[in-house]
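Chain by chain, the residues:
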Amino acid sequence: DSGVTQTPKHLITATGQRVTLRCSPRSGDLSVYWYQQSLDQGLQFLIQYYNGEERAKGNILERFSAQQFPDLHSELNLSSLELGDSALYFCASSVAGRSTGELFFGEGSRLTVL
Amino acid sequence: EDQVTQSPEALRLQEGESSSLNCSYTVSGLRGLFWYRQDPGKGPEFLFTLYSAGEEKEKERLKATLTKKESFLHITAPKPEDSATYLCAVPNFGNEKLTFGTGTRLTIIP
């Protein structure tokens, strides 16, 4: 158990819809990272928050947004969903703002868009 | 842009049959190389950090090594419980994100 909690574990929805994925980092970790894992692209970095502030952005679509709340949990919002958004979405956390490489990953939220 | 390539994509070994997984990288300046293990339906689990050429790290039946262009994950006398996908990753210049390879899916047959 990494200590990172993600909900929901599974989500099935239709194209055009909007979903919210939630992540609670390990106790004491200030950074939250979101990654997308699809079969053809592997793990892709989406965005990082550190202590409530956006720190880095990767290949995150404009239809996607995230935030980190004062209690340090984070939410990833995916809107106007397309079939290609079907993937595993992982949240990871670390203590520091800059990754030492040791990230603690949750078990992921599997999104299926029909 | 940083690139990480892993080979082979998949590897099947008999229990006790040692082998190596490869991770080659192209980066503007190496700031570390990381190995993760991912079990089906789970998130990646951190294994090792390597920072400089010649460095080696060991954990049970796994040993990771690093050269200036690639890293190897050697698995000695593997057991079925070592079956997993092994991922390597490098950090970007600001160390905010990791670029992952697509992984090697390792299957150990009893």
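Our structure's up above, just so we're on the same page.
Residues numbered from 1 in each chain as written. Chains lettered and ligands numbered in written order. Predicted model: local features only at pLDDT ≥ 70, side-chain atom pairs only at ≥ 80, totals over all residues. Heavy atoms only, no water.

## Brief notes about the overall build of chain B
For chain B, the count of helices and strands is zero helices and eleven strands. Mapped in sequence order, the helices and strands of chain B form the string β-β-β-β-β-β-β-β-β-β-β. Computed over C-alpha atoms, the radius of gyration of chain B comes to 13 Å, within 12% of the 13 Å expected from 2.2 N^0.38 for 110 residues, which places it in the range of a compact globule. When the backbone C-alpha atoms are referred to their principal axes, chain B occupies close to 45 × 30 × 20 Å. (Helix = DSSP H or I, 4+ residues; strand = E, 2+ residues; numbered from the N terminus. Rg over C-alpha atoms; globule rule 2.2 N^0.38 Å.)

## Comments concerning the pattern of salt bridges
Inspection of every chain in the model, using the stated rule, returns ten salt bridges over all chains. Between arginine 37 of chain B and aspartate 39 of chain B there is a salt bridge; the shortest N-O distance is 3.0 Å. For lysine 57 of chain B, the salt bridge identified is with glutamate 55 of chain B, shortest N-O distance 3.5 Å. Its relative accessible area of 19% is what places glutamate 55 of chain B among the buried residues. One network of salt bridges, with partners in common, ties together Lys9 and Glu107 of chain A together with Lys42 of chain B. (Salt bridge = Lys/Arg side-chain N within 4 Å of Asp/Glu carboxyl O. Buried < 20%, exposed > 50% of the residue type's maximum accessible area, 1.4 Å probe, protein only.)

## Topic: the pairing of strand S3 (residues 19-24) of chain A
Residue and element names in this part refer to chain A. The side-chain alternation of S3 yields one buried face, formed by Val19, Leu21 and Cys23, and one unburied face, formed by Thr20, Arg22 and Ser24. Sheet topology places strand S1 (residues 5-7) next to S3; three bridges connect them, and they run antiparallel. When the sheet's bridge partners are listed, glutamine 6 is paired in S3 with cysteine 23. By the bridge criterion, five bridges tie S3 to strand S8 (residues 74-78) in an arrangement that is antiparallel. What sits directly across from leucine 21, in S8, is leucine 76. (Pairing = 2+ DSSP bridges.)

Such coordinate-based values are descriptive only and should not be taken to indicate function.
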